[in-house]
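# Structural characterization, general
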Amino acid sequence: MKPNFRKNHRGGYISLLTVLTISIFMLTMMIFAYKRADLARDVQATVQAQTDYREKEEMILRSIVSLTPNRAILAMQDGSNSSPARRDPLSFQSIFTEALAQANARQSIPQELLTQMAIPAHLSGNTGDSTLANVAAIFRPIGASAGIVSGGLNRDLGAGFPPALNSAFPLPADDSFPIVSSEKAYGILAQGRVGLPTATYRALNVVPYPQINFGYSAPGMPFVAKRNWWAFSMSLARNDDAVTGFARADRDFVLSLYEIPSQLPISASSYMALGTHATGEAWGNQIAIAGNVFAGRADVQGSTALAGALATRRGSVLSQNSTVGGQNFLVDPLGPGVRETFRLTQGNFFPVSLASESGKAAFVPINRGAAYYDRFSHNQNEANSISATTWNNYSIGALQCAMTLDITESVGANGTRPVALRFTYLLPNGNRAVENIAYSGGSATGLGIGFTQSVAENNTAVFNNPVDVAYGAGNSYYYKNNVTGPVLFDNQTFGDPIADTPKHGYYRIRAPFEIRQLPVSGQYCVAVYPERFRDFLATLQADGLDVNHSLAVNVDYVNNPGLAQPAIPCTNTDYGLILEEAENLTSFTRGFSLVTNLRLYIGSDFNDVPATPPAGYVPPNGRPFYPPCSVFSPERRFGVAEDPLSIEVTGQVGSTASDDPTAPPVRPLDATTGVANAAMAAGQITMNLSAIDHPAELPPITMMNWLILLEEKRSEFVGN
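Position numbers for residues count from 1 along each chain, tracking the sequence in the order it is written. Per-residue local features are limited, in this predicted model, to residues with pLDDT of at least 70; the limit for side-chain atom pairs, both in listing and counting, is 80 or more; totals at the level of whole chains, interfaces and linings are taken over all residues. No hydrogens and no water enter the side-chain calculation; it runs on all heavy atoms of the structure.

Across a sheet, paired strands are connected by hydrogen bonds in the backbone, their directions being either parallel or antiparallel. Spatial ordering of the open sheet is given by E23-E24-E26-E28-E30, a layout of five strands whose pairing is mixed. Among the strands making up the open sheet, the edge pair consists of strand E23 (513–517) and strand E30 (636–638). The mean inter-strand angle of the sheet, taken between neighbouring strand axes irrespective of direction, is 30°. DSSP bridges decide pairing: two strands pair if at least two such bridges lie between them. A run of H or I in DSSP becomes a helix once it reaches four residues, and a run of E becomes a strand once it reaches two; helices and strands are each numbered from the N terminus. In terms of strand pairing, strand E26 (residues 576–579) meets strand E28 (residues 599–602) through four bridges, oriented parallel. The partner of glycine 576 across the bridge, within E28, is arginine 599. Here, axes are lines fitted to C-alpha atoms. For helices the fit covers the stretch in contact, and angles between N-to-C directions go from 0 to 180 degrees.

This paragraph deals with the side chain of arginine 637. Looking at the secondary structure, you find arginine 637 in strand E30. We call a residue buried when its accessible area falls under 20% of the maximum for its residue type, exposed when it is over 50%, and partly exposed in between, using a 1.4 Å probe and counting protein chains only. The buried category is assigned to arginine 637, whose relative accessible area is 11%. Once residues lying within four places of it in the same chain are set aside, the contact partners of arginine 637 are Arg599, Leu600, Tyr601, Ile602, Thr672, Thr673, Gly674 and Asn677. For this analysis, residues touch if any pair of their heavy atoms sits within 4.5 Å.

Helical geometry: 3.6 residues make up each α-helical turn, so side chains three or four residues apart lie on a common side. Turning to helix H3 (residues 92–102), its buried residues are Phe92, Ile95, Phe96, Ala99 and Leu100. One face of H3 carries all of its buried residues, which in axial projection span an arc of 135°. Phi turns positive one or two residues past the end of H3, at asparagine 104, with a value near 50°. An arc is given here, and it is the one of the directions from the helix axis to the C-beta atoms.

Another aspect to go through is the sheet that holds strand E33 (residues 685–690). Taken in spatial order, the three strands line up as E7-E33-E31 in an open sheet, and their pairing is parallel. Here the strands that pair on one side only, and so sit at the sheet edges, are strand E7 (287–290) and strand E31 (647–651). Averaged over all pairs of adjacent strands, the angle between strand axes in this sheet comes to 5°, irrespective of strand direction. In this sheet, E33 lies alongside E31 in parallel orientation, the contact comprising five bridges. Its bridge partner being in E33, threonine 650 is matched across the sheet by asparagine 688.

The subject of this paragraph is helix H7 (residues 338–345). Within H7 the residues assigned to the buried category are Val338, Arg339 and Phe342. Down the axis of H7, the buried side of the element spans an arc of 95°, and every buried residue falls inside it. Against strand E13 (352–354) lie the buried residues of H7. Glycine 347 lies just past H7 and shows a positive phi near 155°.

On the secondary structure map, asparagine 482 appears in strand E21 (residues 476–489). Beyond its immediate chain neighbours, meaning those up to four positions away, asparagine 482 contacts Pro466, Val467, Asp468, Arg510, Glu514 and Arg532. Side-chain atoms alone can form a polar contact between residues adjacent in sequence; in general such a contact is a pair of N or O atoms within 3.5 Å, and within protein one must be able to donate a hydrogen while the other accepts it. Within the structure, the side chain of asparagine 482 is placed 3.2 Å from the side chain of arginine 510, a separation counted as a polar contact.

A few words on the confidence of the model for the protein chain. Overall, the predicted model of the protein chain reaches an average pLDDT of 89, with 91% of residues at or above 70. The predictor attaches a confidence to each residue, and that confidence, scored 0 to 100, is pLDDT. Between residues 716–720, whose pLDDT stays under 50, and residues either more than four places distant or in other chains, the model counts 17 contacts.

This part covers the nonpolar core. Of all hydrophobic cores here, the largest spans 66 residues; its most connected members are Ile266, Leu274, Phe423, Phe513, Val528, Phe533 and Leu551. Apart from residues lying up to four places away in sequence, phenylalanine 513 is in contact with Leu405, Leu421, Phe423, Ile437, Tyr439, Ala527, Val528, Tyr529, Phe533 and Phe536. Ile73, Met76, Ile138 and Ile708 belong to the second largest nonpolar core, which has 40 residues in total. Side-chain atoms within 4.5 Å are what join buried Ala, Val, Leu, Ile, Met, Phe, Trp, Tyr and Cys residues into a set we call a nonpolar core.

Take the packing of aromatic side chains next. The criterion for an aromatic pair is that two Phe, Tyr or Trp rings (for Trp, the six-membered ring) have centres within 6.5 Å, with stacked assigned to planes under 30 degrees apart, edge-to-face to planes over 60 apart and tilted to the rest. Evaluated as defined, the whole model comprises 35 aromatic pairs. A centroid spacing of 6.5 Å and a plane angle of 55° characterise the contact between phenylalanine 513 and phenylalanine 533, whose relative ring orientation is tilted. Taken together, the residues span a long stretch of sequence, with phenylalanine 513 in strand E23 and phenylalanine 533 in helix H11 (residues 533–539) at a distance of 20 residues. On the basis of relative accessibility, which here comes to 0%, the residue phenylalanine 533 falls in the buried class. Only when the NZ of Lys or the CZ of Arg is both within 6 Å of the ring centre and within 35 degrees of the ring normal is a charge said to sit over the ring. Between the NZ or CZ atom of lysine 480 and the centre of the ring of phenylalanine 494, over which it lies, the distance is 5.6 Å. The cationic tip of arginine 532 hangs over the ring face of tyrosine 529; the distance from NZ or CZ to the ring centre is 3.7 Å.

This part is about a nonpolar patch on the surface. Side chains of Ile22, Phe25, Met26 and Met29 sit close together on the surface and give an oily, nonpolar patch of about 420 Å² of accessible area. Looking at the secondary structure, you find isoleucine 22 in helix H1 (residues 16–75). To count toward a patch, a residue needs a relative accessible area over 30% and no salt bridge; like charges are then connected within 9 Å, while nonpolar side chains (Val, Leu, Ile, Met, Phe, Trp, Tyr) are connected within 5 Å. Computed with a 1.4 Å probe, the accessible areas rest on the Shrake-Rupley method; for each residue, only the protein chains presented here act as cover. Think of a salt bridge as a Lys or Arg side-chain nitrogen and an Asp or Glu carboxyl oxygen that are within 4 Å of each other.

Here's what the structure looks like:
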């Protein structure tokens, strides 16, 4: 028998409306969840793309900072405007294009990495990958501009931008190229927005130091500089917004190039040792340094105390007993967390800094090394450059001097005795005049400028004050320099410059230079006497010392094959330069500068008489004002006839040594005697070094540095 397991069940029903409602609800929830997920994906994709763009933009901006100074230098060089092939790579268009390549902004994965991964085929879902071919769509000027940027020249872009520069000459290339030129100066557009009146201080003024970590100065503090700048907007996404499907807001930037004259107590772009002399002695108590120190690389030795900050480009080594800015660093001051701890506990300005720490900034010392002293090692006729100021004239101190003095002829074995000098100077009309002066027994062509006829042949004239005299006629004369008392103008005294011709004697105030021998070694030198220049130039009807304020002394080995280029380091067989009669330089109302590639012997006090400060300038702390002076020489010695017992230096010291990491360190406070050629002991050296804080204190010739900075346009960062 087969059992029956069927059971009776109560009947029921299904509501189609309920099922439909629940289904719709569930479907709606699923759609909502899907849309939320899809929206979240879109948001995440957008955020990721924005992040990618931001990171790429940061790399692009850093590349712009590194490329700009190089292009600015090339734009100043000879022939940079001679052809499109020379000119176009120096433009902002080219800078931006190369920055895109350096930042690898066109693809998310570099081709080199793909090659290393050996992936035969790949598919990128990154919509930000692009050729970025339309550079003009990514970078745009702010305001009316003929180029891809808006140069801060002869235009005011309003609040949030720096004070603009002016130029009396049109410089339309400033909208297309990073132009550095002396034609750009502070004028009416900057009046009231910089520290000093622009009518007086046009070339350089006082501006606030930017808010960066590199401590050449403290952020926000006034320092002496000229700020060139260019404004532009950037949106990396704008090139491909049709593909990516979202718009990215433009970012406005200001690219600044600060021209900074050397103004710190101690400056050197090379490796520098601080705290000890080459003899091993520690700096004595007579060494006082008020202000910051800059070096390419620094080794702070012993128990050295630097009251200010230490800024370097390639790092520093601090002894455990040394202090910088009152701080003793037992650990690496640039190590992780050290700066942050300092700022939390002691203040914002950290006294030890490295140029590369400052993000989108670069510090470039304009240092041509030994070439800085020598006019004849460079092309002096640069032309057809993009900038109105050529590179050699900008960066070579010897080429910047208003007056020149060259050795042009020598006699003796290996040309040991100079017998002719060529002196050039500026006239009131701006033209350059030339005066050739012979010191040999031979005949010189022409009578020098400023000579007055004295007595006829075979007669005697008496001169109570030192004069230079000439004897001859027509175009043939013999000369004697720096003579006093009775002078007989005859053939026996001078020689016969032109036979069978009646001759006369002539005189003029003595020249401020001559040929001399060192008393002990007998080395031949050019002697320069700055205090004599005023009266001598007046005799020549030259412009005043406010224009003829600087002198370059060189050897013209280019146009005179018998002369050799002086060696650096200097040797005892090369000529030297003696500097005497330089205690009172108050006649140089704008200061005095001397540049030479010869070894310099300082034979007397230099610039030791105070002068009246320029109108509107009050020296700080009631200190006396001395005419601002600078002396550039590869080597210096103290003493000519005898060695000094001690020396005292007030002002600033620096070095033009090249930035060679293999070279021994520069010791800027060492001193060597001129007679014994011996290092002076620490107790014989007194240094009172301080920073320049006003352009009235700048000498006519000075070293220059560039600070390149890229800031997003925000009033709190860019300033007025």
